[in-house]
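Architecture and fold: a report
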Amino acid sequence: MNFTTLVQRRYSVRDYRPEVPEEEVLRGILDTARLAPSACNRQPWHFYVVRSAAAREALAGAYPRPWFATAPLYIVLTVRHDEEWVRPSDGHRHGIVDASIAAEHICLAATEAGLGTCWVCAFDVEAARRALPLGTDEEPVIILPIGYPAEGSVAPEKNRKTLGEIVTEI
């Protein structure tokens, strides 16, 4: 499938089948994230694949929505702040930007493989910290539930601004 079709097919899946994605497929998806660009190639991210029942239950406490618990796996993207690039002119830290780029690589690769994902950022960070073996300078920033969409799961109509609303030519 071409890139435009891939982007059009990606949507936030909020109901999953219980089957765990094949290991080879999951490794391929993670490898696309490894190849994502990052500021000054620092790659300040870390990816936690949460698969055991106990770890999934602990993480679900950080985002207690019924649909969230249907995912057979989660990928939690963290930023290791001691590794992120900081823009000298204003001190802007780029780790979250870098992790976001890697997350979207995961979402698109998952879509291409027939899997679904959903960006989850409105989670309880402290509960996520307790659920994961994080380093002292590491912050969880994105949780991606990942799995096969449940039967009947369909992409909602995308409501997006027009190019005229978001593009300024100067």
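Overview of the structure. (Residues numbered from 1 in each chain as written. Predicted model: local features only at pLDDT ≥ 70, side-chain atom pairs only at ≥ 80, totals over all residues. Heavy atoms only, no water.)

This brings us to the overall build of the protein chain. Helix and strand content of the protein chain: 6 helices and 4 strands. Overall, the protein chain shows an N-to-C arrangement of helices and strands of α-α-β-α-β-α-β-α-β-α. In terms of overall dimensions, the protein chain is globule-like: its C-alpha atoms have a radius of gyration of 17 Å, near the 15 Å expected for 170 residues. Per-residue burial for the protein chain yields a buried fraction of 41% across its 170 residues. For the protein chain, long-range pairs separated by at least 24 residues make up 77% of all intrachain contacts whose partners lie at least 6 apart in sequence. When the accessible surface of the protein chain is summed, it comes to about 9,600 Å², and 53% of that surface belongs to carbon and sulfur atoms. Across the protein chain, 18 positive and 23 negative side-chain charges occur, with their mean positions spaced 2 Å apart. (Helix = DSSP H or I, 4+ residues; strand = E, 2+ residues; numbered from the N terminus. Rg over C-alpha atoms; globule rule 2.2 N^0.38 Å. Buried < 20%, exposed > 50% of the residue type's maximum accessible area, 1.4 Å probe, protein only. Contact = heavy atoms within 4.5 Å. Areas by Shrake-Rupley, 256 points an atom, 1.4 Å probe, with all protein chains shown as cover. Lys, Arg positive; Asp, Glu negative; His and termini not counted. Charge placed at Lys NZ, Arg CZ, Asp CG, Glu CD.)

In this section: the side chain of R10. Looking at where R10 falls in the secondary structure, it is placed in the loop between helix 1 (3–9) and helix 2 (23–34). Here R10 falls in the buried class, since its relative accessible area comes to 13%.

Glancing now at the nonpolar core. Within the largest apolar cluster, 24 residues are counted, with the highest numbers of intra-cluster contacts made by F47, I75, L77 and L144. For this core, the secondary-structure elements that each account for two or more residues are helix 2, strand 1 (45–50), strand 2 (73–80), helix 4 (95–112) and strand 4 (138–147). If near-sequence neighbours (up to four positions away) are discounted, F47 is found in contact with L30, A33, R34, I75, V76, L77 and A102. Counting 22 residues, the second largest nonpolar core, distinct from the first, contains V13, F68, A131 and I143. (Core = buried A, V, L, I, M, F, W, Y, C linked by side-chain atoms within 4.5 Å.)

Remember that the coordinates give geometry; whether it matters functionally is a separate question.
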